[in-house]
Amino acid sequence: MTKKPIIAIDGPAGSGKSTLAKALAARLGLVYIDTGAMYRAVTLAARKKGVDFSDAEALAKVAHQSQIRLESGDGGAIRVYLDGVDVENEIRSPDISRLTSQVTANVRGVREALVAQQWEMGHAGGVVMEGRDIGTVVFPDADLKIYFEVSVEERARRRIRDFKDRGIAFDEASVRADIERRDLEDRSRHWGALKQAPEAVMISGDGKTVAELVEEIIVQLSHLAS
């Protein structure tokens, strides 16, 4: 390929696509762009400004006005800056996650603002970008589109293992039900719904290590150059 590629990875919540995208970018020497962090940053900005989250127009205005910057740190870690301030830790709170998923990410004006920013970040190539509408909306002409699928069972096992590691009480049936509910919400959203692009290569993450998945994607990428 004459230029560095644009690689789009879409997939359901809790699939580990962020970890995969980050590892792939590091392996190929490309830039990893965490689109979810950008939506979280808008949520945080709106919260700090005291915006009413039922006001879609106000949320869209915040998205257009906010300056969001992603920087790679040591070990490939991504730091998120909102209007020049490092907010990486703040945007990972459960409350910000909930508001982002249930409200901010569903506002058309917010998505339009961030899609434009994401396009600016990656249109020159050399990026691995993950989300749920990267290959369908942000970069429909991406050089390689991956639809990363992980079963509900596998994702439930991972979440339960994480809860156990953190000493968090859980109900196994509720964990699975929550994942299924989120999948249904993501696939039925009016804006930025999760779906597989027609040209996307389906890759399953069940029973595979991140290293194995990276190699699988590199094989797909090599087909483009042949």
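For clarity, every value in this text was computed on a predicted model and none was experimentally measured.

**Student:** I'd like a rundown of the overall build of the protein, residues and numbers included.
**Tutor:** For the protein, the count of helices and strands is 9 helices and 8 strands. For a compact globule of 226 residues, the expected C-alpha radius of gyration is about 17 Å, and the protein comes in at 17 Å, within 12% of that figure. Across its three principal directions, the C-alpha atoms of the protein cover 55 × 45 × 35 Å. For the protein, with 226 residues in total, the buried portion stands at 46%. Counting contacts in the protein only where the partners sit at least 6 residues apart, residues at least 24 apart contribute 70% of the total. Approximately 11,300 Å² of the protein is accessible, and the part contributed by carbon and sulfur atoms is 51%. For the protein, the centre of its 32 positive side-chain charges and the centre of its 35 negative side-chain charges are spaced 1 Å apart.

**Student:** Give a detailed account of the nonpolar core, specifying residues and quantitative values.
**Tutor:** Inside soluble globular proteins, nonpolar side chains tend to come together where they are buried. Ile9, Ile68 and Val80 are the most contacted members of the largest nonpolar core, which totals 56 residues. Looking at which element gives the most residues to this core, the answer is helix H2 (residues 35-48), with 8 residues. With residues near it in sequence (within four places) discarded, Ile9 still touches Lys17, Ala21, Leu24, Val128, Met129, Glu130, Gly131, Ile134, Ile146, Phe148 and Ile217. The next biggest cluster of nonpolar side chains, apart from the first, holds 5 residues, and it includes Val152, Ala156, Val175 and Ile179.

**Student:** Explain unusual backbone geometry to me, using residue names and the numbers behind them.
**Tutor:** A positive phi angle, near 50°, is found at Asp83, a position not held by glycine. Positionally, Asp83 belongs in the loop between strand E4 (78-82) and strand E5 (85-86). On the basis of relative accessibility, which here comes to 43%, the residue Asp83 falls in the partly exposed class.

**Student:** Run through the pattern of salt bridges, naming residues and quoting values.
**Tutor:** Counted according to the given criterion, the structure contains 25 salt bridges. Taking the shortest distance from any N to any O, the salt bridge between Glu199 and Lys145 comes out at 2.7 Å. Of this pair, Glu199 sits in the loop between helix H8 (172-187) and strand E8 (201-204) while Lys145 sits in strand E7 (residues 144-149), placing them 54 residues apart in sequence. Overall, Lys145 belongs to the buried group, its relative accessible area being 7%. What emerges from the salt-bridge pattern is a single network uniting Arg132, Arg182, Asp186 and Arg189.

**Student:** If you had to explain the sheet that holds strand E3 (residues 68-72) to someone new, which residues and values would you point to?
**Tutor:** The sheet built from 3 strands is open, its strands ordered E3-E4-E5 with antiparallel pairing. This sheet does not close on itself; its edge strands, each paired only once, are E3 and E5. Two elements, E4 and E5, share 2 bridges in a ladder whose sense is antiparallel. By the bridge assignment for E5, Tyr81 is matched with Asp86. Sitting on the sheet, H2 is in contact with E3 and E4, with an inclination near 35° to E4.

**Student:** I'd love a proper account of the side chain of Lys17, names of residues and values included.
**Tutor:** Of note, Lys17 is situated in helix H1 (residues 17-28). Buried charge without a salt bridge: Lys17, with Glu130 as the nearest opposite-charge side chain at an N-O distance of 4.5 Å. A polar contact of 3.1 Å, which involves the side chain of Lys17, links it to the backbone oxygen of Pro12. When neighbours within four sequence positions are excluded, Lys17 is seen to be in contact with Ile9, Asp10, Gly11, Pro12, Glu130, Gly131 and Phe148.

**Student:** Quick rundown of the packing of helix H7 (residues 152-166) against H8? Include the residues and the values.
**Tutor:** Two numbers describe how H7 lies on H8: the axes approach to 9 Å, and their chain directions differ by 125°. With respect to H8, the element H7 is oriented oblique. Relative to H8, H7 is oriented so that their crossing is right-handed. Across from Val152, Glu153, Arg155, Ala156, Arg159, Ile160 and Phe163 in H7, the residues of H8 making contact are Glu172, Val175, Arg176, Asp178, Ile179, Glu180 and Asp183. Residue composition of the contact of H7 with H8, by class: 6 nonpolar, no polar and 8 charged.

Parameters and conventions
Residues numbered from 1 in each chain as written. Predicted model: local features only at pLDDT ≥ 70, side-chain atom pairs only at ≥ 80, totals over all residues. Heavy atoms only, no water. Helix = DSSP H or I, 4+ residues; strand = E, 2+ residues; numbered from the N terminus. Rg over C-alpha atoms; globule rule 2.2 N^0.38 Å. Buried < 20%, exposed > 50% of the residue type's maximum accessible area, 1.4 Å probe, protein only. Contact = heavy atoms within 4.5 Å. Areas by Shrake-Rupley, 256 points an atom, 1.4 Å probe, with all protein chains shown as cover. Lys, Arg positive; Asp, Glu negative; His and termini not counted. Charge placed at Lys NZ, Arg CZ, Asp CG, Glu CD. Core = buried A, V, L, I, M, F, W, Y, C linked by side-chain atoms within 4.5 Å. Salt bridge = Lys/Arg side-chain N within 4 Å of Asp/Glu carboxyl O. Pairing = 2+ DSSP bridges. Axes fitted to C-alpha atoms, helices over the stretch in contact; angles between N-to-C directions. Polar contact = N/O pair within 3.5 Å; in protein donor to acceptor, adjacent residues only side chain to side chain. Parallel < 35°, antiparallel > 145°, perpendicular 65-115°, else oblique. Left-handed = near helix turned anticlockwise from the far one by under 90°. Nonpolar A, V, L, I, M, F, W, Y, C, P; charged D, E, K, R; others polar.

Honestly, that's just the spatial picture; any functional story needs more than this.
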